[in-house]
Amino acid sequence: MKRRDFVKGAVAVGAAATLTGCTREMIEGKKSVNVARRKKVKLKLATSWPANFPIMGTGVDRFAEKVKAMSGGSLEIKVYPKNILVPALAVFDATSSGQIDAFHSGPYYWKGKNPAFALFSGLPLGMVASELNGWMNYGGGYDLWRELYARYNLYPFMGGNTGVQMGGWFRKPIESLADLKGLKMRIPGLGGEVMAKLGVNPILLPAGEIYTALERGTIDATEWVGPALDIRMGFYKVAPYYYTGWHEPGSILELTFNKARFESLSKEHRAILHYAAEAMTTEMYHEFMDQNAKALEKLKELGVKIYDFPPDMIAAAKKAVQEVVEEQSAKSEDFKRVYASMEAYYRLVKPWTDISEAKYLAIR
Ligand code: CA
């Protein structure tokens, strides 16, 4: 009896091995095929956002939940909102040094380290989210980003996209380019550098101070993100002129790991992080679409009016973007290379966008 059972078992294992391609050792459990059986790995991830920050923050929490589910609990990411483990804008250095394992933030915050990093967030009056995704994945964007971040022992993934951001809230209407002269505006990144060329004084302020500065007239205008996040800041109460966007046409958010730590993970865990990051990028983009639409409806109920910047201002901004690009390219070889790659992809993709989505959006 015993021998017959043994033979039957051996045949069954052999058949299963043939069907699944697994080795006998795997099926008999001598070699783990299930990542859940591996030693539990825990990673610390800090964000630049406050706890429960809508879309950008809650999306990271969902990312951590997905990673845990997909890994059968063997990979756990503990998410720390800003200022819990490290200050909001110290996450890059803390991950680079290995103090923490990963961060969620935006690449343009690190342009002081390398001006080229600002481009990984996108370019004013440049490509939109779908085009930027094409550049990153198929046009060499990721290769350049990973090459430049490797100097800081970092390995980046896209971690969301805001879609087109609004042009901002103004205390007075902007009827011509001349109306911008001398205005103080809270606006970061390359958009701020372009605005400076149009006569604006770009100012950086912590999120918590913008409303009061706008209310008191210490600043004349601010940009933030879009209806979903702007409505919560209450800007409409003190700066009622809300303008359509040009300076952040599809800002890429980042999910970046300490490179050595990332490479020390198993192949399965790395694959899980890769696809969970892609899911986060798509989900955040879709959630922004949904939440912005709903908030826009509310803003309209509150009496907010939407304006377009005057044509002379947009024409001047287009010229100023080129000036900023030329100046930065002269100063930084990295900026020059990243911009060249981006520009080549823009020239490739724009004719297609123009005859596909742009045509369709104009007639529907
Ligand atoms: Ca913004």
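Higher on the page you've got the structure.
Residues numbered from 1 in each chain as written. Predicted model: local features only at pLDDT ≥ 70, side-chain atom pairs only at ≥ 80, totals over all residues. Heavy atoms only, no water.

### Quick word on the overall build of the protein
Item 1. Tallying secondary structure elements over the protein gives 13 helices and eleven strands in all.
Item 2. The proportion of buried residues among the 364 residues of the protein is 48%.
Item 3. Long-range pairs, those at least 24 residues apart, make up 76% of the contacts in the protein between residues at least 6 apart in sequence. (Helix = DSSP H or I, 4+ residues; strand = E, 2+ residues; numbered from the N terminus. Buried < 20%, exposed > 50% of the residue type's maximum accessible area, 1.4 Å probe, protein only. Contact = heavy atoms within 4.5 Å.)

### Overview of the layout of surface pockets
Item 1. In this model, the largest pocket occupies a volume close to 1,100 Å³.
Item 2. Around the largest pocket sit 34 residues that line it, and V128, V164, P249, Y285 and L361 are the ones nearest its centre.
Item 3. Contributing elements (two or more residues each) for the lining of the largest pocket: α5 (129-138), α11 (267-301) and α13 (333-363).
Item 4. Among the elements that make up the lining of the largest pocket, the one with the highest residue count is α13 (seven residues).
Item 5. Considering only residue class, the lining of the largest pocket consists of 17 nonpolar, eleven polar and six charged.
Item 6. In this structure, the second largest pocket spans a volume of roughly 850 Å³.
Item 7. Lining the second largest pocket we find 41 residues, and of these L89, Y109, R186, L205 and W224 sit closest to its centre.
Item 8. Those elements that provide at least two residues to the lining of the second largest pocket are α4 (91-97), α7 (189-197), α8 (207-216), α9 (227-233) and β10 (252-258).
Item 9. A per-element tally of the lining of the second largest pocket places α7 first, with three residues. (1 Å grid on protein atoms, 1.4 Å probe; cavity = no way out; pocket = protein on both sides within 12 Å on 5 of 7 lines; lining within 4 Å. Points joined across faces, edges and corners; volume = space filled by probe spheres on them. Nonpolar A, V, L, I, M, F, W, Y, C, P; charged D, E, K, R; others polar.)

### Concerning the pattern of salt bridges
Item 1. One pass over the full model with this rule turns up 16 salt bridges.
Item 2. Notably, a salt bridge pairs R337 with E147, separated by 2.9 Å at the nearest N-O pair. On the criterion of sequence distance, the pair formed by R337 in helix α13 and E147 in helix α6 (residues 141-150) is long-range, its members being 190 residues apart.
Item 3. By relative accessible area, which is 35% here, R337 ends up partly exposed.
Item 4. Of the charged contacts, one joins E343 and R347 as a salt bridge, the two residues approaching to 3.2 Å between their closest N and O atoms. Of this pair, E343 and R347 both sit in helix α13, separated by four residues, roughly a single helical turn.
Item 5. Each of the salt bridges in this network shares a partner with another, and the network as a whole consists of R62, K66, E283 and E287. (Salt bridge = Lys/Arg side-chain N within 4 Å of Asp/Glu carboxyl O.)

### As for the packing of α6 against α13
Item 1. Orientation of α6 relative to α13, taken along the N-to-C sense of each, is 165°, at an axis distance of 10 Å. The angle between α6 and α13 falls in the class roughly antiparallel. α6 and α13 meet at a crossing whose hand is left-handed. On the side of α6, the interface is formed by L144, E147 and L148, while α13 contributes D334, R337, V338 and S341.
Item 2. Considered class by class, the residues forming the contact of α6 with α13 number three nonpolar, one polar and three charged. (Axes fitted to C-alpha atoms, helices over the stretch in contact; angles between N-to-C directions. Parallel < 35°, antiparallel > 145°, perpendicular 65-115°, else oblique. Left-handed = near helix turned anticlockwise from the far one by under 90°.)

### Re the environment of L302
Item 1. Residue placement: L302 occurs in the loop between α11 and β11 (305-307).
Item 2. On the basis of relative accessible area, L302 is assigned to the partly exposed category, the value being 48%.
Item 3. For the pair L302 and Y236, spaced 66 residues apart in sequence, the C-alpha to C-alpha distance is 8.6 Å.
Item 4. Not counting the four nearest positions on each side in its chain, L302 is found in contact with I231 and Y236.

### Structural notes on the side chain of T162
Item 1. Along the chain, T162 turns up in the loop between β4 (154-161) and β5 (168-170).
Item 2. The exposure class of T162 is buried, given its relative accessible area of 4%.
Item 3. A polar side-chain atom of T162 sits 3.2 Å from a polar atom in the side chain of Q165. (Polar contact = N/O pair within 3.5 Å; in protein donor to acceptor, adjacent residues only side chain to side chain.)

### Considerations on the sheet that holds strand β6 (residues 184-186)
Item 1. Read from one edge of the open sheet, six strands run β7-β6-β8-β5-β9-β11, paired in mixed fashion. Edge positions in the sheet fall to β7 (201-203) and β11, since each has one partner strand and no second. (Pairing = 2+ DSSP bridges.)

### Some remarks on the nonpolar core
Item 1. With 105 residues, the main nonpolar core has F63, F170, L180, M195 and L273 as its most contacted residues.
Item 2. At nine residues, α11 tops the list of elements feeding residues into this core.
Item 3. Among residues more than four places away in sequence, those in contact with F170 are L180, L183, M185, M195, D220, A221, A239, P240, Y241, Y243 and F309. (Core = buried A, V, L, I, M, F, W, Y, C linked by side-chain atoms within 4.5 Å.)

### Description of a nonpolar patch on the surface
Item 1. A surface patch of nonpolar side chains, about 350 Å² in accessible area, is lined by Y360, L361 and I363.
Item 2. For L361, the position within the fold is in helix α13.
Item 3. L361 gets classed as partly exposed once you look at its relative accessible area, which sits at 48%. (Patch = residues over 30% accessible without salt bridge, like charges linked within 9 Å, V, L, I, M, F, W, Y side chains within 5 Å. Areas by Shrake-Rupley, 256 points an atom, 1.4 Å probe, with all protein chains shown as cover.)

### Considerations on empty space enclosed by the protein
Item 1. Under the criterion given, the structure shown has one cavity of 30 Å³ or more.
Item 2. Of the voids in this model, the largest cavity is the one considered here, and its volume is about 90 Å³.
Item 3. Every residue lining the largest cavity is counted, 14 residues in all, and those nearest its centre are Y108, G122, P124, H247 and E248.
Item 4. Considered class by class, the residues forming the lining of the largest cavity number seven nonpolar, six polar and one charged.

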